There are 2 protein chains.
Amino acid sequence: MQLSETQMKFIRRWGDMGTRWGIPRSTAMLHGLLYVAQAPLAAEEMCELLQLARSNVSTSLKELEGYNLVYRESRPGDRRSFYRAEADVWEMARRILEERRRRETAGAVQAVEECLAAAQQEGDTHTAGRMLAMQELLQSAETVATAAQRYNTSVFRRAAMMGSKLLALISKL
Amino acid sequence: MQLSETQMKFIRRWGDMGTRWGIPRSTAMLHGLLYVAQAPLAAEEMCELLQLARSNVSTSLKELEGYNLVYRESRPGDRRSFYRAEADVWEMARRILEERRRRETAGAVQAVEECLAAAQQEGDTHTAGRMLAMQELLQSAETVATAAQRYNTSVFRRAAMMGSKLLALISKL
DNA sequence: GACAAATTTCTGAAATTTCAGAAAATAGGC
DNA sequence: GCCTATTTTCTGAAATTTCAGAAATTTGTC
């Protein structure tokens, strides 16, 4: 495989975006590479295309598999693994959302729960009130994010595209 | 002001959450402190309560002001500034959403736009197709996030709480 | 089961980020 | 307009994160 200049540019930009999202540059670049690749790639190939250490590619691919953003395939008569990215961007978004929910909000819910209990125990109504408000927010976020997982790409897509209209509708209730 | 054990625990946990969200621990802790504080605090006070350098507090507060998550107030006969956090958690969520949109997706939209143009120029239909799909996704996200900014807390709150029901509804369309 | 190809884990170096202390700038009261 | 309390900016040290190279492990083939 050969990368066109445009593809390389996208991959670099995607890597930059990754760093803002808390994803290592090389991990994001690998995802970008697989997203624009026409066929599944072997790890060694990716090393050469992006000039990354083999170890780095290995670790990053594992991370991406954890997000369910890349799949690993094997081929008869070839002992290497080949990787390809989730091609459906809506499915991709859903999986990122789910992973972020798990990592970013799930922990907070538990922390606030504990602090709420402690504040009530102590009879500290002010702090308890704040914890309660925060809990309501976090639980709503969890509920929406969890619900989104239950539906398929087309529903998710329509929901996102209708989002702004729905907000307008709700504002009239 | 004196911090109870529960409050301190919340602040520490909030700081931990911050690091997962790409926010420096000390910045997140300051926000947590102001969120549980009953009255506005002066910077010096926060240094003592959280054992942070004055410079650090100054920089972090500025960052939080950038997010519109804390307000600065002045008092007659006192030349210090006092700070308080946005108390409405839904308003808080909205502001975080807006800031993340600005920092995290706005740049991506532009990058993909450029790559799409380049791919079409080159007649690379495969890459162009991928860019187009990505563009649709990013623009939908932008649209929803932008729309959310137009409505007040109560609409935002209702929308979030109804989110899962709306998804169920849409799945039937 | 030995061998080789491929992958993963381990270790430390390089880069980045966070944060404290010192110096500079700003602002309010007299 | 000067003086001083307060805030901000600058600088570098400490901590963390990212990533390459080497070593160890796994996997499939014969």
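Residues numbered from 1 in each chain as written. Chains lettered and ligands numbered in written order. Predicted model: local features only at pLDDT ≥ 70, side-chain atom pairs only at ≥ 80, totals over all residues. Heavy atoms only, no water.

Help me understand the pairing of strand β2 (residues 70-75) of chain B in this model?
Side-chain direction in a regular strand flips from residue to residue, so the side chains alternate between the two faces of the sheet. Bridge count between β2(B) and strand β3 (residues 78-85) of chain B: 6 bridges; the pairing is antiparallel. Bridging across to β3(B), Tyr71(B) finds its partner in Arg84(B). (Pairing = 2+ DSSP bridges. Helix = DSSP H or I, 4+ residues; strand = E, 2+ residues; numbered from the N terminus.)

Sorry if this is basic, but what is going on with the protein's contact with DNA strand D here?
With respect to spatial proximity, 19 residues lie near DNA strand D, and among them Ser26(A), Asn56(A), Arg54(B), Ser58(B) and Ser81(B) are the closest. Counting only atoms of DNA strand D within 4 Å of the protein, the fraction found in sugar and phosphate groups is 65%. Taking Ser81(B), its main chain carries an N or O atom lying 3.0 Å from a phosphate oxygen of DNA strand D. For the surface near DNA strand D, the secondary-structure elements that each account for two or more residues are α2 (25-36) and α4 (54-66) of chain A together with α4 (54-66) and β3 of chain B. Tallying contributions element by element places α4(B) first for the surface near DNA strand D, with 5 residues. Split into classes, the residues belonging to the surface near DNA strand D amount to 4 nonpolar, 8 polar and 7 charged. (Near = heavy atom within 4 Å. Polar contact = N/O pair within 3.5 Å; in protein donor to acceptor, adjacent residues only side chain to side chain. Nonpolar A, V, L, I, M, F, W, Y, C, P; charged D, E, K, R; others polar.)

Where do I start with the environment of Leu132(A) in this structure?
Structurally, Leu132(A) is set in helix α6 (residues 125-150). For the pair Leu132(A) and Val112(A), spaced 20 residues apart in sequence, the C-alpha to C-alpha distance is 8.2 Å.

Can you walk me through the domain arrangement of chain A in this structure?
It is common to give the size of an interface as the accessible area that goes away when the parts come together. Residue and element names in this part refer to chain A. Here chain A is described as being made up of domain 1 (5-85) and domain 2 (89-171). Taken together, the contact pairs 10 residues of domain 1 with 7 residues of domain 2. Between domain 1 and domain 2, roughly 810 Å² of surface is buried when both sides are summed, and carbon and sulfur atoms account for 61% of that area. The interface formed by domain 1 and domain 2 contains 1 salt bridge. Across the salt bridge formed by Arg103 and Glu63, the nearest N and O atoms sit 3.3 Å from each other. Between the two partners, domain 1 and domain 2, sit 4 residue pairs in polar contact (both at pLDDT 80 or more). For the side of domain 1 that touches domain 2, the secondary-structure elements that each account for two or more residues are α2 and α4. (Domains from an automatic or database assignment. Contact = heavy atoms within 4.5 Å. Buried area = accessible area lost by both parts, 1.4 Å probe. Salt bridge = Lys/Arg side-chain N within 4 Å of Asp/Glu carboxyl O.)

Would you mind showing me how to read the pairing of β3(B) here?
Residue and element names in this part refer to chain B. Note: strand β1 (residues 41-42) against β3, 2 bridges, orientation antiparallel. Within β3, the residue paired with Leu41 across the bridge is Tyr83. A loop of 2 residues connects β2 with β3, the two strands running antiparallel in sequence, and Gly77 in this loop sits at a positive phi of about 75°.

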